[in-house]
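Coordinate analysis (summary)
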Amino acid sequence: MPDFDVKKIREDFPILKRFINGKPLIYFDNAATTQKPQYVLDSVDNYYKNLNSNVHRGVHTLSEEATNEYESARESIRKYINAGKSSEIIFVRGTTEAINLVASSFGSEFFNAGDEIIISAIEHHSNIVPWQMLCERKNAKLKVIPVDDGGEILIDEYKKLLTEKTKLVSVVHISNALGTQNPVKEIIQIAHNAGVPVMIDGAQSIQHSKIDVRELDVDFFAFSGHKVYAHTGIGVLYGKESLLNKMPPYHGGGEMIKSVSFEKTIYNDLPYKFEAGTPNIEGPISLKSAFEYIENIGLSKIEQYEDELLEYATNRLSEIKNIRFIGTAKEKKSVVSFLCGDIHPYDTGTILNNLGIAVRTGHHCAEPIMKRFNIPGTVRASFSFYNTKEEIDLLIEGIIKANKMLS
Ligand code: PMP
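Residues numbered from 1 in each chain as written. Predicted model: local features only at pLDDT ≥ 70, side-chain atom pairs only at ≥ 80, totals over all residues. Heavy atoms only, no water.

Before going further, it helps to examine the overall build of the protein. If you tally the helices and strands in the protein, you get 14 helices and 17 strands. Its C-alpha atoms give the protein a radius of gyration of 22 Å, near enough to 22 Å, the size a compact globule of 407 residues would have. Taking the principal axes of its C-alpha atoms as reference, the protein extends roughly 70 × 55 × 35 Å. For the protein, restricting intrachain contacts to residue pairs at least 6 apart in sequence, the fraction spanning at least 24 positions comes to 71%. With an accessible surface of roughly 17,400 Å², the protein has 50% of that area assigned to carbon and sulfur atoms. (Helix = DSSP H or I, 4+ residues; strand = E, 2+ residues; numbered from the N terminus. Rg over C-alpha atoms; globule rule 2.2 N^0.38 Å. Contact = heavy atoms within 4.5 Å. Areas by Shrake-Rupley, 256 points an atom, 1.4 Å probe, with all protein chains shown as cover.)

This part covers the packing of aromatic side chains. By the definition in use, this model includes 18 aromatic pairs. Seen from their ring centres, Tyr80 and Phe291 are 3.7 Å apart, and the 10° between their planes marks the pair as stacked. In this pair, Tyr80 is assigned in helix α3 (residues 61-81) and Phe291 in helix α10 (residues 282-297), connecting sequence segments 211 residues apart. With respect to class, Tyr80 is no different from Phe291; both count as buried. Seen from their ring centres, Phe106 and Phe111 are 6.4 Å apart, and the 70° between their planes marks the pair as edge-to-face. With a relative accessible area of 0%, Phe111 lands in the buried category. Following the ring pairs from residue to residue traces out a cluster consisting of Phe13, Tyr229, Tyr293, Phe385 and Tyr386. (Phe/Tyr/Trp six-rings, centres within 6.5 Å; stacked < 30°, edge-to-face > 60°. Buried < 20%, exposed > 50% of the residue type's maximum accessible area, 1.4 Å probe, protein only.)

In this section: the pattern of salt bridges. Working definition: two side chains of opposite charge can pair if their charged atoms are close together. Under the definition given, this model contains 27 salt bridges. The closest approach of N and O atoms between Glu308 and Lys389, which form a salt bridge, is 3.8 Å. Remark: Lys389 occurs in helix α14 (residues 389-406) and Glu308 occurs in helix α11 (residues 299-318); sequence separation between them is 81 residues. Residue class for Glu308 comes out partly exposed when judged on its relative accessible area of 23%. When salt bridges that share partners are traced, they join Asp29, Arg360 and Arg380 into one network. (Salt bridge = Lys/Arg side-chain N within 4 Å of Asp/Glu carboxyl O.)

Right, let's talk about the domain arrangement of the protein for a bit. Here the protein is partitioned into domain 1 (6-29 + 298-406) and domain 2 (41-295). With centres defined by C-alpha atoms, the gap from domain 1 to domain 2 works out at 28 Å. Contacts between the two partners involve 35 residues from domain 1, matched on the other side by 30 residues from domain 2. Interface of domain 1 and domain 2: buried area, both sides summed, is about 2,600 Å²; carbon and sulfur atoms make up 57% of it. (Domains from an automatic or database assignment. Buried area = accessible area lost by both parts, 1.4 Å probe.)

We now examine the side chain of Glu282. With respect to the element layout, Glu282 can be found in helix α10. Despite its burial, Glu282 remains without a salt bridge, the nearest opposite charge being carried by Lys36 at 11 Å. The residues contacting Glu282, other than those within four sequence positions of it, are Val44, Tyr47, Tyr48 and His231. (Lys, Arg positive; Asp, Glu negative; His and termini not counted.)

What follows covers α11. The terminal C-alpha atoms of α11 lie 28 Å apart, and with 20 residues this matches the ideal 28 Å at 1.5 Å per residue to within 8%. Every buried residue belonging to α11 is among Leu299, Ile302, Tyr305, Glu306, Leu309, Leu310, Ala313, Arg316 and Leu317, and all of these are buried. Considered in projection along α11, the buried side chains sweep an arc of 145° and stay on one side of the axis. For α11, the exposed residues lying more than 90 degrees away from the buried face are Ser300 and Glu311. As for α11, its buried residues are in contact with α1 (6-11), α3, α10, β13 (323-325), β14 (335-340) and α14. (Expected span 1.5 Å × (residues − 1). Arc of directions from axis to C-beta.)

Where helix α2 (residues 38-51) meets α3, the closest approach of the two axes is 10 Å, and the angle between their N-to-C directions is 160°. With respect to α3, the axis of α2 lies roughly antiparallel. In this structure, α2 crosses over α3, and the sense of that crossing is right-handed. Note on element contacts: α3 touches α2 through Leu62, Glu65, Ala66 and Glu69, opposite Tyr47, Asn50 and Leu51. Taken together, the residues that form the contact of α2 with α3 break down as four nonpolar, one polar and two charged. (Axes fitted to C-alpha atoms, helices over the stretch in contact; angles between N-to-C directions. Parallel < 35°, antiparallel > 145°, perpendicular 65-115°, else oblique. Left-handed = near helix turned anticlockwise from the far one by under 90°. Nonpolar A, V, L, I, M, F, W, Y, C, P; charged D, E, K, R; others polar.)

Attention now goes to the site of the ligand. Inspection of the region around the ligand gives 13 residues, with Thr96, Asp201, Gln204, Ser224 and Lys227 positioned closest. For the ligand, an oxygen atom lies 2.8 Å from a polar atom in the side chain of His226. Protein contact buries 85% of the 390 Å² of open area that the ligand shows by itself. For the shell around the ligand, the class distribution of residues is two nonpolar, nine polar and two charged. (Near = heavy atom within 4 Å. Polar contact = N/O pair within 3.5 Å; in protein donor to acceptor, adjacent residues only side chain to side chain.)

Here we come to the nonpolar core. Nonpolar side chains in soluble globular proteins generally cluster together in the buried interior. Core analysis: the largest hydrophobic core is formed by 99 residues, its most contacted members being Ile81, Tyr158, Val169 and Phe385. Mapped onto the domain boundaries, this core takes at least three residues apiece from domain 1 (6-29 + 298-406) and domain 2 (41-295). In this structure, Tyr158 is in contact with Ile118, Ile145, Val169, Ile187, Ile190 and Ala191, ignoring residues within four places of it in sequence. Counting residues in each nonpolar core, the second largest holds 26 residues, with Leu101, Ile117, Trp131 and Ala140 among its members. (Core = buried A, V, L, I, M, F, W, Y, C linked by side-chain atoms within 4.5 Å.)

The strands making up a sheet are joined through hydrogen bonds of the backbone, oriented either antiparallel or parallel. Spatially, β4-β10-β9-β8-β7-β5-β6 is the arrangement adopted by the seven strands of the open sheet, whose pairing is mixed. Sheet topology places β4 (89-92) and β6 (141-145) at the edges, where each strand pairs with a single neighbour. Along the sheet, successive strands turn relative to each other by an average axial angle of 20°, direction set aside. The strands touched by helix α5 (residues 129-138) are β5 (116-120), β6, β7 (166-172) and β8 (198-201); relative to β6, the strand with the most contacts, the crossing angle is about 145°. This element, helix α7 (residues 184-193), spans β7 and β8 of the sheet and lies at about 160° to β8. (Pairing = 2+ DSSP bridges.)

So, in structure tokens, the structure goes:
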């Protein structure tokens, strides 16, 4: 892409200057977590150097300033995903906590024995286990949309799974294990036609494409800051106010109350009802600056460049004789998962690490889909806009070398 200056962008990420095993770091583990630009690091540094204080409680200047930063971050994040109200932005630790919150709170309010929840076969464990726990508590039933051999979910099978007992559909937007991009708008519409709300796990989509929660008409949307160039320990649960208002609190404690007596406690309004205790204050500040950083480059440019990287990597990997792609959906983002013949992914990953190349190996917290393909795991390279085609060429060289050593 001619107007995308990746060399300049790489300068923004201090960690990319590192050497690993004597070789320049090539970081292809972006689906696990992304690296942080100096702009984001500075925002948190500035917070601790100049503003650090607890929020919402003090009349003193620092507390007021910290509160303003925290709440203005909520407002920026609202704008970024085009939510209607900032009270619909709930700060959580990450995608996992967001899903647990909905499973616990929505689950306790709306699920009864015999009710059903629909997920898909390509979910991350964090969009499986909380629902299994809910099913155990409520004697409800988990139903799973199957996928074809390319890792694409079967929409007709999904339609058949929806019944009068379905209380929620919760599916991943982009699979971290395969890269499949689900047709979430269609999935949401189909559920809504049956009167069923939908939760989307956006852990792998927020960093790659425009998310507009109102355009999607999604009921709950979850993502993690660390996957979108912000710090760990912060994430967002977006929820429609009409649903969040009907749901009971998740955790109890300070912040989530209006008044407390031993006889009766009155809960706070949204979003605080779901934010018990001193929050992660630096997290929203970090996330706000990560979104600013992205907007400064331009999300559509980022998306186009990352799509080019994925296509280039897929083509170059196809040149390797014993390559077996796992996940070949038509719509994919930023992830290639593969095996080389019968070589164990761990062995390939270890040799690549010796060459300074960070890939992920294993089941990627998505064991059921690995079982579906009858494999123990894959090698996964996942791309970000700071990666380059030259790095992909070095990955290919590394895989060829590993194949020679291991075959
Ligand atoms: N869903 C998907 C698709 C993911 O990729 C991940 C992280 N690998 C999660 C959920 C969980 O995110 P976190 O660990 O940040 O809570």
